[in-house]
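So you can see what is in the structure, the chains are spelled out below.
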Amino acid sequence: WARIGLIAALSFIYIAMFIGFGLAISSRMEGSSTSLLVLLLIWVVLVVLVPNTLGSVVSTLRQVPSQREFQQRRESLMQSFWNKSGDELFKYGSPTQPNPNIKAIELMANYITTRLETETRLDDGHLDAQFAQVQFASQILRVSPTAIYNYAMEALAGTGFERHRQFVNAARRYRQQFIEFIQEADRADPDSFHIYYLKEGLSNKPVSFEAVPRFVEPSGVGVAMRSALVDFSLLLVMAVACFMGSYVAFL
């Protein structure tokens, strides 16, 4: 019910802003047909033209490599990484053979760990660049009250870009938390080689399912309200300004 009340309040402020703006324009025009034409033009620009076209134009100012270009760069880097390290991996045999050499396990574990860190850094960097592009465009789009209303409504409803970014950040925190859990569980086994993150270098003892950390994503009315607070405030300021403007124009 709290979420529904916030959504209703946001919609009321949005409608009130346009009413105040319409009163201000009508008070300054001599004819009703002229004021209607001006208001229609402004409405088309702010509600239709700006949200649908300005975002695409602004995105070109902060370009991000396409998914295809990123994948090609990623595969090329991984291939060069393999060409550089592949010949040394099996110098002491395979880590999967019976009674493997500890050197073989260390070499393979170092390769896997370094490659995983490189892939993670690439993926996170590309995703952060996409987030920065969307955030930059959304900041410019806030010249339109309709865009502000849509962003605030998405935040209150728990959808949209901000919710997606919160989920990704929570997933990244959980990834690190899970890695730390594996290390802690492995340190408790004195028979383990403590070589991360290769199966042959880690403990074989079972782990209690209840001990595994759970993924938790921030949610609730408080989180939604904090996400929508800036847009909610901007829309409220616009509504107050429109009514003040209409009062002055009417006088």
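Residues numbered from 1 in each chain as written. Predicted model: local features only at pLDDT ≥ 70, side-chain atom pairs only at ≥ 80, totals over all residues. Heavy atoms only, no water.

S.K.: Please explain the packing of helix H1 (residues 2-28) against helix H5 (residues 145-157) as it appears in this structure.
M.R.: Geometry of a packed helix pair, given as the angle between the helix axes and the separation of the axes. It is at 10 Å that the axes of H1 and H5 come closest, and there the two elements cross at 175 degrees. As the angle between them shows, H1 and H5 are arranged roughly antiparallel. Across the interface between the two elements, Arg3, Leu6, Ile7, Leu10, Ser11, Tyr14, Met17 and Phe18 from H1 touch Pro145, Thr146, Tyr149, Ala152, Met153, Leu156 and Ala157 from H5. Among the residues making up the contact of H1 with H5, the classes are represented as 12 nonpolar, two polar and one charged. (Axes fitted to C-alpha atoms, helices over the stretch in contact; angles between N-to-C directions. Helix = DSSP H or I, 4+ residues; strand = E, 2+ residues; numbered from the N terminus. Parallel < 35°, antiparallel > 145°, perpendicular 65-115°, else oblique. Contact = heavy atoms within 4.5 Å. Nonpolar A, V, L, I, M, F, W, Y, C, P; charged D, E, K, R; others polar.)

S.K.: Looking at this structure, I do not really get the packing of aromatic side chains. What am I missing?
M.R.: With the rule as written, the count across this model stands at eight aromatic pairs. Look at Tyr14 and Phe18: their rings are 5.2 Å apart centre to centre, the planes differ by 85 degrees, and that puts the pair in the edge-to-face class. On the criterion of helical spacing, the pair formed by Tyr14 and Phe18 is a turn pair, its members being four residues apart in helix H1. Judged by relative accessible area, Tyr14 falls into the buried class, the value being 15%. Judged by its relative accessible area of 23%, Phe18 is partly exposed. Ring geometry for Tyr174 against Phe215: centres 5.7 Å apart, planes inclined by 85 degrees, an arrangement best described as edge-to-face. Placement of Tyr174 in helix H6 (residues 160-187) and of Phe215 in the loop between H6 and helix H7 (221-250) is noted, with a sequence separation of 41 residues between them. (Phe/Tyr/Trp six-rings, centres within 6.5 Å; stacked < 30°, edge-to-face > 60°. Buried < 20%, exposed > 50% of the residue type's maximum accessible area, 1.4 Å probe, protein only.)

S.K.: Is there a simple way to explain the pattern of salt bridges in this structure?
M.R.: Once their charged atoms are close, side chains differing in charge can pair, the charge on each being opposite to the other. Applying the stated rule across the entire model yields 10 salt bridges. Two residues, Arg172 and Asp128, come together in a salt bridge whose shortest N-O distance is 2.9 Å. Taken together, the positions of Arg172 in helix H6 and Asp128 in helix H4 (residues 102-141) put the pair 44 residues apart, joining distant regions of the chain. With a shortest N-O distance of 3.5 Å, Lys205 and Asp189 are connected by a salt bridge. Of the two residues, Lys205 is situated in the loop between H6 and H7 and Asp189 in the loop between H6 and H7; the sequence distance between them amounts to 16 residues. (Salt bridge = Lys/Arg side-chain N within 4 Å of Asp/Glu carboxyl O.)

S.K.: It is not clear to me how the confidence of the model for the chain should be interpreted in this structure. Could you clarify?
M.R.: Do not read the predicted coordinates in detail wherever pLDDT is low. Per-residue confidence for the chain gives a mean pLDDT of 85; residues scoring 70 or more make up 99%. Across the chain, the secondary-structure element scoring lowest on mean pLDDT is helix H3 (residues 67-89), at 80, and the one scoring highest is H6, at 91. (pLDDT = per-residue confidence, 0-100.)

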